[in-house]
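# Topology and contacts: notes
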Amino acid sequence: MRHLMSPMDFSVEELERLFDLAASIEQNPAKYAHACEGRILATCFYEPSTRTRLSFESAMTKLGGQVIGFSDAGSSSASKGESVSDTIRVISCYADICAMRHPKEGAPMVAAEKSLIPVINAGDGGHQHPTQTLTDLLTIRSLKGKLGGFTIGLCGDLKFGRTVHSLIKALVRYPDIRFIFISPEELKIPDYITDMLKSKNIAYEEVIRLEQVMPQLDLLYMTRVQKERFFNEEDYIRLKDFYILDKAKMELAGKDMLVLHPLPRVNEISVELDDDPRAAYFRQAKYGVYVRMALILTLLEITV
Ligand code: NCD
């Protein structure tokens, strides 16, 4: 039995197969509409989410399966003191696969150890968010035609943003990628990531001003300042509007540069950009459903 804890759990070849399956689902959804009939997905969300939880639910529903679950810790037995290990033992009796989000780093791994069904890490604290990474990779592959051979700017909260940490880990396996990290000093990318890039001889740059690097970028991955992971409100207020991508800044970018964002957006991308053909973040949300459909089929070992 297989779980998904980190984007590294799949080899590059396995990811190719997963993305081919997602592309096939996009082209011919009717073929997959009954693939999960009689199967149940449990969504166990101990932390708020709109996109991730609903995209999992949408994915399972589009495959003909059913969904059960909870969307906040307060409405689960965690509020009575039940451990994640016990909860998953019980969920294993009710469902065939589980997507779990938890504010504590490593909680889905603890669950996976005791689980009798595949567990998908749907985000653990500031650590990893592998299904967002699968979404990001599928979006890049679909809209750019390839994974590799580009300069990507990652902008915003690079310290607490788990989507950024997962995406970088996954991208280093593809050829010829240059990273530009754009953040205020206080929200810099963690050392363990830059150490990893150095050890692999992968080119990266760290800058504070977005304007200065816009013309070099093929992709710009914007992120929200992660309010819930700040220790004090004052710092959050000072940093929350550090970057606002607007029309004036987009004029500095190439005509094929794409803007990605895992969403939710707060102020970091002005709504005036939503109609710009380079704004890819809502298309990205759509790819999130196809890739989760492909992931559910793969982990349940269902072939259509
Ligand atoms: C991200 C997350 O939860 O880390 N959202 C998502 O799943 N699409 C990004 C964020 O909350 O900023």
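One structure accompanies this document, and this report is about it.

Quick notes on the rules
Residues numbered from 1 in each chain as written. Predicted model: local features only at pLDDT ≥ 70, side-chain atom pairs only at ≥ 80, totals over all residues. Heavy atoms only, no water. Pairing = 2+ DSSP bridges. Helix = DSSP H or I, 4+ residues; strand = E, 2+ residues; numbered from the N terminus. Axes fitted to C-alpha atoms, helices over the stretch in contact; angles between N-to-C directions. 1 Å grid on protein atoms, 1.4 Å probe; cavity = no way out; pocket = protein on both sides within 12 Å on 5 of 7 lines; lining within 4 Å. Points joined across faces, edges and corners; volume = space filled by probe spheres on them. Contact = heavy atoms within 4.5 Å. Parallel < 35°, antiparallel > 145°, perpendicular 65-115°, else oblique. Left-handed = near helix turned anticlockwise from the far one by under 90°. Nonpolar A, V, L, I, M, F, W, Y, C, P; charged D, E, K, R; others polar. Patch = residues over 30% accessible without salt bridge, like charges linked within 9 Å, V, L, I, M, F, W, Y side chains within 5 Å. Areas by Shrake-Rupley, 256 points an atom, 1.4 Å probe, with all protein chains shown as cover. Salt bridge = Lys/Arg side-chain N within 4 Å of Asp/Glu carboxyl O. Near = heavy atom within 4 Å. Polar contact = N/O pair within 3.5 Å; in protein donor to acceptor, adjacent residues only side chain to side chain. Sits in = over half its atoms within 2 Å of the grid points. Domains from an automatic or database assignment. Core = buried A, V, L, I, M, F, W, Y, C linked by side-chain atoms within 4.5 Å. Buried < 20%, exposed > 50% of the residue type's maximum accessible area, 1.4 Å probe, protein only.

The next thing to look at is the sheet that holds strand S5 (residues 150-155). Strand order in the open sheet formed by 5 strands is S7-S6-S5-S8-S9, with parallel pairing between adjacent strands. Strand pairing shows two members of the sheet lacking a second neighbour, strand S7 (204-207) and strand S9 (258-260), which therefore form its edges. Adjacent strand axes in the sheet meet at a mean angle of 20 degrees, parallel and antiparallel pairs treated alike. Pairing between S5 and strand S8 (residues 219-222): 4 bridges, direction parallel.

Here the idea is plain: a probe the size of a water molecule rolls over the atoms and shows the empty space left. Inspection of the entire model under this criterion finds 3 cavities of 30 Å³ or more. Computed from the structure, the largest cavity encloses a volume of approximately 70 Å³. Lining the largest cavity are Arg51, Thr52, Ser55, Gln132, Thr135, His261, Pro262, Leu263, Gln284, Ala285, Gly288 and Arg292. Looking at the lining of the largest cavity, the elements with two or more residues in it are helix H2 (51-62), helix H5 (130-144) and helix H10 (281-299).

The next point concerns the environment of Ala279. As for its placement among the helices and strands, Ala279 is situated in the loop between S9 and H10. Put simply, Ala279 and Met257 are 22 residues apart on the chain and 8.8 Å apart in space, counted from C-alpha to C-alpha. Beyond its immediate sequence surroundings of up to four residues, Ala279 is in contact with Val259, Leu273 and Asp274.

Tracing the chain through its elements places Met214 in the loop between S7 and S8. A C-alpha to C-alpha distance of 7.6 Å links Met214 and Lys249, two positions 35 residues apart in sequence. In this view, Met214 contacts Leu220, Leu245, Lys249, Met250, Leu252, Ala253 and Met257; residues no more than four positions away in its chain are not counted.

All right, on to the packing of H2 against H10 then. Contact pair H2 / H10: the axes reach a minimum separation of 8 Å and the direction vectors enclose 60 degrees. Compared by their axis directions, H2 and H10 come out oblique. The way H2 lies across H10 gives a crossing that is right-handed. In contact with Thr52, Ser55, Phe56, Ser58, Ala59, Met60 and Lys62 of H2, H10 contributes Val289, Arg292, Met293 and Ile296. In the contact of H2 with H10, the residues fall into 6 nonpolar, 3 polar and 2 charged.

With that out of the way, let us pick up a nonpolar patch on the surface. A cluster of nonpolar side chains, Ile68, Val90 and Tyr94, forms an exposed patch at the surface whose accessible area comes to about 260 Å². For Tyr94, the location among the structural elements is in helix H3 (residues 84-94).

In the vicinity of the ligand, the contacting residues are Arg51, Thr52, Arg101, His129, Gln132, Arg162, Thr163, Arg224, Gln226, Pro262, Leu263 and Pro264. At a separation of 2.9 Å, a nitrogen atom of the ligand approaches a polar backbone atom of Pro262. Expressed as a share of its isolated accessible area of 310 Å², the protein-covered part of the ligand is 95%. Counting atoms within 2 Å of the grid points, the majority share of the ligand lands in the largest pocket. When residues of the shell around the ligand are traced back to their parent elements, those giving at least two are H2 and helix H6 (162-171). Domain assignment of the residues forming the shell around the ligand places at least three in each of domain 1 (7-128 + 288-299) and domain 2 (131-284).

With that settled, the discussion passes to the nonpolar core. In terms of nonpolar packing, the biggest core is built from 60 residues, with Ile152, Leu154, Ile168 and Phe179 touching the most fellow members. The dominant element in this core, judged by the number of residues it contributes, is H10, at 10 residues. Residues lining this core come from more than one domain, with at least three contributed by each of domain 1 (7-128 + 288-299) and domain 2 (131-284). When residues no more than four places from it in sequence are discounted, the contact partners of Phe179 are Ile152, Leu154, Ile168, Leu171, Val172, Leu197, Ile202, Ala203, Tyr204 and Glu205. Judged by nonpolar contacts, the second largest core, of 21 residues, contains Cys155, Val207, Tyr243 and Met250.

Honestly, it's all geometry; don't read function into it.
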